[in-house]
Amino acid sequence: MSPALIALIVLVALFVVVAAKAVTIVPQAQAKVVERLGRYSRTLSPGLSFLVPFVDRVRATIDLREQVISFPPQPVITSDNLQVGIDTVVYFQVTEPRLATYGIANYIQGMEQLTTTTLRNVVGGLNLEGALTGRDGINSQLREVLDGTTGPWGLRVARVEIKAIDPPPSIRDSMEKQMRADRDKRAIILQAEGARQSAITTAEGQKASAILSAEGRKQAAILEAEAERQSRILRAEGERAALYLQAQGQAKSIETVFQAIHDGKPDQGLLAYQYLQTLPQIAQGDANKMWIVPSEFSKALEGLSRLGGGDGESSSFLDVPAPADGGAPAQPIDTSSWFESRLPPAAAQPEARIELSSIADAGPVVPSPQLPPTADLARVAENGVARQDEVPPA
C-alpha cells in the first residue's frame, strides 16, 4: 500500500472522528451540560447541536421529567418513645440542569438524607396516634422543607407521600385489639338502636291497634245501647198496651160479677153455704197443727138448719128464689165485645217507626198519645168498659 493511500485513510478517519465530536443530538425531555476547556459553557436543549471538537465536551445528561424515588423504611421515634418505621415517596423534577450538576454532587442521595432528617424532626413531635392519623400534615411539612432546601440544587419537589408507618408488633397487636373492641362496640350500639327502633315501631303499631279496637268497641257499645233502648221502649209500649187490655178485661169481669150478684139476689142460705165451702181451704197447709173454728160457724149452721125445715116455696136451700117484686128474670149478658182490642194495630203505632238515629237524638222517652194516661186506666178499672169516646182513634 502506498504512503499516499495510507495518509488518505488516516485523514478520512480523523474527519469522521472530528465530525462525531462536533455533532450531538439531545433527546426530548433531556438536557446536556457542555463544558469548554473545563468550564461551564452552555446547556443544550433537545435537538441537533454542534460542539467544538476537542474543546467542548458534555459533562452530564439530565432527565427533565418528573421522577419518583422511594426511600427504604427509616426508624423514627415518636414523642411517646415508640420506634416506628416510615417509608416515604418523593416526587421531584429537575428545573435547572446546571445547578443539578454543579450545585450538589448527588442530588438523589442528598434528597434521601434530607427526607430522613426532616421526617424524624416532624414525627418526633407527634405521638403514635398523631403520626398514624396526621399523614397529611406530615406530608405538607416534608414538602415545604424539601422544596425550600432543594431549590439551590435546581430541583422542584412536587409532593411527598408517606407510604407506610410500621409500629412495633406489640403495638400492632394492641391496636388490633382496640380496633376489634371498637367495632364490637359499634356493632352492639347498632343492634341496640335496631332493637329500640323495632320496639318503638311495635309499640306504635300496638297503640294504633288498641285505639282502633277501642273505637270499634265504642261504636258497638253505642249501637247495642241504642238497640237495647229501642227494644225496651217497644217492650214498654207493648206491656202498657197489655196492661191496658188486662185492666179493661178485669173491669169487665168485675162489672159482670157485680151485675150477676145483684141480679141473682142471693139469700142468707147461699152465703152460709159459700162460707162453709171456704172453711176447708183455711185448714189447708202442712204447717197447720191446730185449727180454730170461727164463731160465725155456729151461726152458719143455724141458718142452714132453719132452711132445712122448708118454707113451702123452695125444696132446697140451693134453689134460687124468684125475684121478690115479681118482676121479669134478669136478661143474659152480652159478651161479644169483651175481648175486642180498641188499640190501633202495631204497625200503625208511632213506636214501630222509630229509627236508631232518632232514638239516639230524641232524649227522654215521652208516653205515646195513642194510649190513655194512668188516670183514665184507673177510671176504666173502676167504672167498667171504657166508653167509645175514651178510646183514642186509630
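Residues numbered from 1 in each chain as written. Predicted model: local features only at pLDDT ≥ 70, side-chain atom pairs only at ≥ 80, totals over all residues. Heavy atoms only, no water.

**Student:** For this particular structure, what's the right way to read the overall build of the chain?
**Tutor:** Helix and strand counts for the chain stand at 10 helices and 8 strands. Counting all 394 residues of the chain, 23% fall into the buried class. Within the chain, counting contacts between residues at least 6 apart in sequence, those at least 24 apart form 65% of the total. Total accessible area on the chain is roughly 26700 Å²; 58% of this is exposed by carbon and sulfur atoms. (Helix = DSSP H or I, 4+ residues; strand = E, 2+ residues; numbered from the N terminus. Buried < 20%, exposed > 50% of the residue type's maximum accessible area, 1.4 Å probe, protein only. Contact = heavy atoms within 4.5 Å. Areas by Shrake-Rupley, 256 points an atom, 1.4 Å probe, with all protein chains shown as cover.)

**Student:** Is there a simple way to explain the pattern of salt bridges in this structure?
**Tutor:** Close approach of charged atoms lets side chains of opposite charge pair. All chains considered together, the criterion is met by 13 salt bridges. With a shortest N-O distance of 2.2 Å, Asp182 and Arg186 are connected by a salt bridge. Residue Asp182 and its partner Arg186 are located together in helix α6 (residues 169–264), separated by 4 residues, close to a single helical turn. With relative accessibility at 34%, the residue Asp182 sits in the partly exposed group. In this structure, the salt-bridge partner of Glu228 is Arg235, at a minimum N-O distance of 3.5 Å. (Salt bridge = Lys/Arg side-chain N within 4 Å of Asp/Glu carboxyl O.)

**Student:** Sorry, what's going on with helix α3 (residues 107–124) here?
**Tutor:** Since the α-helix advances by 3.6 residues per turn, residues separated by three or four positions end up pointing in the same direction. Helix length check: α3 (18 residues) gives 25 Å between terminal C-alpha atoms against 26 Å at 1.5 Å per residue, within 8%. Every buried residue of α3 is accounted for by Tyr107, Gly110, Met111, Leu114, Thr115, Thr116, Thr118, Leu119, Val122 and Val123. As for α3, its buried residues are in contact with β6 (67–77), β7 (83–94), α2 (97–102), α4 (128–133), α5 (135–149) and β8 (155–166). A distance of 3.3 Å separates the backbone nitrogen of Ile108 from a side-chain oxygen at the start of α3, and that oxygen is part of Asn106. (Expected span 1.5 Å × (residues − 1). Polar contact = N/O pair within 3.5 Å; in protein donor to acceptor, adjacent residues only side chain to side chain.)

**Student:** In this structure, what is going on with the sheet that holds strand β3 (residues 39–44)? I would like to understand it.
**Tutor:** What links the strands of a sheet is backbone hydrogen bonding, and the strands pair in either a parallel or an antiparallel sense. Taking strand neighbours across the sheet as the criterion, the 3 strands line up as β3-β2-β5 in an open arrangement whose pairing is antiparallel. Pairing within the sheet leaves two strands with one partner each, and these edge strands are β3 and β5 (56–63). Along the sheet, successive strands turn relative to each other by an average axial angle of 25 degrees, direction set aside. Here 7 bridges tie strand β2 (residues 30–36) to β5, and the two strands are oriented antiparallel to one another. When the bridges of β5 are listed, Lys32 appears paired with Thr61. (Pairing = 2+ DSSP bridges. Axes fitted to C-alpha atoms, helices over the stretch in contact; angles between N-to-C directions.)

**Student:** I would appreciate a short explanation of the packing of α3 against α5 in the present structure.
**Tutor:** Where α3 meets α5, the closest approach of the two axes is 10 Å, and the angle between their N-to-C directions is 140 degrees. For the element pair α3 / α5, the angle class is oblique. The interaxial crossing formed by α3 with α5 has right-handed handedness. Between α3 and α5, the contacting residues are Met111, Leu114, Thr115, Thr118, Leu119, Val122 and Val123 on the first element and Ile138, Gln141, Leu142, Val145, Leu146 and Thr149 on the second. Looking at side-chain class alone, the contact of α3 with α5 contains 9 nonpolar, 4 polar and no charged residues. (Parallel < 35°, antiparallel > 145°, perpendicular 65-115°, else oblique. Left-handed = near helix turned anticlockwise from the far one by under 90°. Nonpolar A, V, L, I, M, F, W, Y, C, P; charged D, E, K, R; others polar.)

**Student:** What's the story with unusual backbone geometry in this structure? I'm lost.
**Tutor:** The backbone phi angle of Leu37 is positive, close to 55 degrees, even though this residue is not glycine. With respect to the secondary-structure elements, Leu37 resides in the loop between β2 and β3. Take Leu37: its relative accessible area is 67%, and that puts it in the exposed class. The phi angle at Phe54 is positive, at roughly 65 degrees, despite the residue not being glycine. In this fold, Phe54 is placed in the loop between β4 (47–50) and β5.

**Student:** Got a minute to help me understand the pairing of β3 in this structure?
**Tutor:** Where a strand is regular, its side chains alternate between the two sheet faces. Here β2 runs beside β3; their pairing, made up of 5 bridges, is antiparallel. Bridge assignment links Glu35 to a residue of β3, and that residue is Tyr40. Connecting β2 to the next strand, β3, in antiparallel fashion are 2 residues, including Leu37 with a positive phi near 55 degrees.

**Student:** Just checking my understanding: could you explain the sheet that holds β8 for this structure?
**Tutor:** Overall, antiparallel pairing links the 3 strands, which are arranged β6-β7-β8 in an open sheet. Of all the strands in the sheet, the pair left with one neighbour each is β6 and β8. Taken over all neighbouring pairs, the strand axes of this sheet differ in orientation by 25 degrees on average, direction set aside. Bridge analysis of β6 against β7 gives 9 bridges, and the strand direction is antiparallel. Bridge pairing in β7 places Val76 opposite Val84. The sheet strands contacting α3 are β6, β7 and β8, and the helix crosses β6 at an angle near 40 degrees. Along the sheet, α5 contacts β7 and β8; its crossing angle with β8, the most-contacted strand, is approximately 145 degrees.

**Student:** Before we go on, may I ask you to explain the packing of aromatic side chains in this structure?
**Tutor:** Each aromatic ring pair is characterised by the separation of its centres together with the angle its planes make. Applying the stated criterion across every chain, the model contains 2 aromatic pairs. Seen in terms of ring centroids, Tyr40 and Tyr102 are 6.0 Å apart; in terms of plane orientation they differ by 80 degrees. Their pairing is edge-to-face. Note that Tyr40 is positioned in strand β3 and Tyr102 in helix α2, a separation of 62 residues in sequence. Assessed through its relative accessible area of 36%, Tyr40 is described here as partly exposed. Given a relative accessible area of 34%, Tyr102 falls into the partly exposed group. For the pair Phe92 and Tyr107, a centre-to-centre distance of 6.1 Å together with 70 degrees between the ring planes defines the contact as edge-to-face. Note that Phe92 is positioned in strand β7 and Tyr107 in helix α3, a separation of 15 residues in sequence. Of the residues examined, Tyr107 reaches a relative accessible area of 14% and is grouped as buried. Above the face of the Tyr40 ring, Arg98 is positioned so that its terminal group lies 5.6 Å from the ring centre. (Phe/Tyr/Trp six-rings, centres within 6.5 Å; stacked < 30°, edge-to-face > 60°. Lys NZ or Arg CZ within 6 Å of the ring centre and 35° of its normal.)

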